[in-house]
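Here is what each chain is made of, one letter per residue.
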Amino acid sequence: MTHTRYDVAIIGGGMTGAALAQALADTDLTIALIEPAPPAAFDPAAAPDLRISSLNQSSCTFLERLGVLEAIKAKRAHPFVRLSVWEELEGERLARRRWNQATFDARDIQHDQLGYMVENRVIQRTLWDALEHRSNVGIHAPARLETLTLDPDGVRITLNDGTHFEASLVVGAEGARSSVRTAANIEVDTRPYGHKAMIVNVLLDAPPLDITWQAFTPSGPHALLPLFKADEHGHQSYASLVWYDAPERIDTLSALSMDALKAELETTFPGELPAVNQVLGCGSFPLVRQHATRYVQDRVALIGDAAHVINPLAGQGVNLGFQDVEALSALIHSAHSAGKPYWAQHVLNEYALKRQFANRVMMSAMDVFYHGFKHQALPLKLLRNAGLALAERAGPGKRKVMAYAMGLSRP
């Protein structure tokens, strides 16, 4: 479908952009989705991608409403039931019982799982498959935004393939370096953490795990994200490891051979890590907190990483993005049904106020957690480890934390 004018133009066809298109596709609005790198067809025999998202229960419920959750799970999505957090104390890398370990179990709040670990490309591909059947969605891919002109009576868009069209509303969903945000002169508050994160995909000599864990060390956290079985009998499984450290250390690790990196993992990661059979690949990125000073203006809205980049510590980035999509699509549905100008700032402000506050709360919580474990002063170290031990026995408080992390309660 090609138009010279669309009601909504979404720049960026990743997970959040494609989800917004799907969320609006059941209206009579015409939607353009622009994406420079359309997802490849799903290959069930391929090893897992480095980009993994931890979908909480709220995101799963939203994707179910969009009609794609079962298709995602049919490709590959690995459920995790437990989440464990501790601080690695001197001499305790190989400890099996830790007094300062807090473990959160979905069954404590009558749920089967805390969420699912899913490759980003699986989520994106499934959403694109659903969009192929939507007659009011025009997909422009591969294509990049060339120019964006904002006028009181509409948005004028030119793509790098020479396509021109207009739209009533443009949504920036193209990530942290959003061209829509730049064109709208929306500033961002950027705060580097001074650390890098390395993602390492491994093959484990263990059946698929039901637990994700995070161990805090003086140089930064070490985390395990469990993935699906690697053989027919389930004797081996995949996992994604996350190693936070100083940029120089991560750069050194990234330059190692896969065998040398395997040896580093075996001598550095906690003893809870099952035996690593093979390192499959790795990648790294700097840790940055970024927040747009505003999410909307006349004829412009930002979602996902275009609006906010959060510390990946608790894997909440994609969940916040889907919450943005849910809020913005609900607002557009409501305003359009009522005959209101869904592209006007005074209408879009409802979305902005709701999501800026919620995202800021989560970003601040991650900052407190992250910076709180960086300092090695003995009184603070004793305090936070006592806090972890207390959290393990907190009962109702522990269940509230789980409900918030799962998206079952909102600020």
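Look up a bit, the structure's there.
Note that the structure is a prediction, hence the values are computed from the model and not measured. (Residues numbered from 1 in each chain as written. Predicted model: local features only at pLDDT ≥ 70, side-chain atom pairs only at ≥ 80, totals over all residues. Heavy atoms only, no water.)

**A few points about the nonpolar core**
Here comes step 1: With 74 residues, the main nonpolar core has Ile10, Ile157, Phe322 and Leu328 as its most contacted residues.
Here comes step 2: Here this core takes 8 residues from helix H8 (residues 317-337), the largest share from any one element.
Here comes step 3: In contact with isoleucine 10, other than residues within four places in its own chain, are Gly17, Leu20, Ala21, Ile31, Ala32, Leu33, Ile34, Val171 and Ala173. (Core = buried A, V, L, I, M, F, W, Y, C linked by side-chain atoms within 4.5 Å. Buried < 20%, exposed > 50% of the residue type's maximum accessible area, 1.4 Å probe, protein only. Helix = DSSP H or I, 4+ residues; strand = E, 2+ residues; numbered from the N terminus. Contact = heavy atoms within 4.5 Å.)

**Re the side chain of serine 178**
Here comes step 1: In this structure, serine 178 sits in the loop between strand S11 (164-172) and helix H5 (179-183).
Here comes step 2: With relative accessibility at 0%, the residue serine 178 sits in the buried group.
Here comes step 3: At 3.0 Å, the side chain of serine 178 forms a polar contact with the side chain of glutamate 174.
Here comes step 4: Not counting chain neighbours up to four residues away, the residues in contact with serine 178 comprise Gly172, Leu302 and Ala306. (Polar contact = N/O pair within 3.5 Å; in protein donor to acceptor, adjacent residues only side chain to side chain.)

**Here's the deal with the sheet that holds strand S7 (residues 115-119)**
Here comes step 1: The antiparallel open sheet is built from 3 strands, whose spatial order is S3-S7-S4. Every interior strand has two partners, whereas the edge strands, strand S3 (52-56) and strand S4 (78-80), have only one. Within the sheet, the average angular offset between the axes of one strand and its neighbour, ignoring direction, is 30 degrees.
Here comes step 2: In this structure, S4 lies alongside S7, joined through 3 bridges in antiparallel fashion. Within S7, the position partnered with histidine 78 by the bridge is methionine 117.
Here comes step 3: Along the sheet, helix H4 (residues 120-131) makes contact with S3 and S7, crossing S7 at roughly 85 degrees. (Pairing = 2+ DSSP bridges. Axes fitted to C-alpha atoms, helices over the stretch in contact; angles between N-to-C directions.)

**Regarding H4**
An α-helical segment advances 3.6 residues per turn. Residues three or four places apart therefore align on the same side.
Here comes step 1: Counted at 1.5 Å a residue, the expected span for H4 with its 12 residues is 16 Å, and the 17 Å between its end C-alpha atoms agrees.
Here comes step 2: Taken across its 12 residues, H4 has 10 buried, putting it largely inside the fold. (Expected span 1.5 Å × (residues − 1).)

**Thoughts on the packing of aromatic side chains**
Here comes step 1: For the coordinates displayed, the defined rule picks out 8 aromatic pairs.
Here comes step 2: Ring centres 5.4 Å apart and planes at 45 degrees place the aromatic pair tryptophan 86 and tryptophan 213 in the tilted group. One end of the pair, tryptophan 86, is in strand S5 (residues 82-87); the other, tryptophan 213, is in strand S13 (residues 211-217), and 127 residues separate them in sequence.
Here comes step 3: For tryptophan 86, a relative accessible area of 0% puts it in the buried group.
Here comes step 4: With 6.3 Å between their ring centres and 50 degrees between their planes, tryptophan 213 and phenylalanine 269 make a pair best called tilted. You can see tryptophan 213 sitting in strand S13 and its partner phenylalanine 269 sitting in the loop between helix H7 (258-268) and strand S16 (276-292), a full 56 residues away along the chain.
Here comes step 5: Given the relative accessible area of 4%, tryptophan 213 is considered buried.
Here comes step 6: These aromatic residues form a ring-pair network of at least three members: Trp86, Trp213, Trp243 and Phe269. (Phe/Tyr/Trp six-rings, centres within 6.5 Å; stacked < 30°, edge-to-face > 60°.)

**Structural notes on the pattern of salt bridges**
One side chain can pair with another of opposite charge once the charged atoms of both are near each other.
Here comes step 1: The final tally for this structure, using the stated rule, is 19 salt bridges.
Here comes step 2: The residue arginine 51 makes a salt bridge to aspartate 49 at a minimum N-O spacing of 3.2 Å.
Here comes step 3: Among the salt bridges present, the one from arginine 65 reaches glutamate 326, with a minimum N-O distance of 2.3 Å. Highlighted residues: arginine 65 in helix H2 (residues 57-65) and glutamate 326 in helix H8, separated in sequence by 261 residues.
Here comes step 4: With relative accessibility at 53%, the residue arginine 65 sits in the exposed group. (Salt bridge = Lys/Arg side-chain N within 4 Å of Asp/Glu carboxyl O.)

**Re the packing of H2 against H8**
Here comes step 1: Taken N-terminus to C-terminus, the directions of H2 and H8 make an angle of 45 degrees; their axes are 9 Å apart at the nearest point. Considered as vectors, H2 and H8 are oriented oblique to each other. As for the relative orientation of H2 and H8, their crossing is left-handed in sense. Here H2 contributes Ser58, Ser59, Phe62, Leu63 and Arg65 to the contact with H8, which in turn contributes Asn319, Phe322, Gln323, Val325 and Glu326. (Parallel < 35°, antiparallel > 145°, perpendicular 65-115°, else oblique. Left-handed = near helix turned anticlockwise from the far one by under 90°.)

**Describing the sheet that holds strand S19 (residues 308-309)**
Here comes step 1: Spatially, 8 strands are ordered S6-S5-S13-S14-S15-S12-S16-S19 in an open sheet, and the strand pairing comes out mixed. In this open sheet, the two strands that pair with only one neighbour each are strand S6 (102-105) and S19.
Here comes step 2: In terms of strand pairing, S5 meets S13 through 6 bridges, oriented parallel. Looking across to S13, one finds that serine 84 is bridged to tryptophan 213.
Here comes step 3: Along the sheet face, H7 touches strand S12 (188-204), strand S14 (220-229), strand S15 (237-245) and S16 and points at about 75 degrees away from the line of S16.

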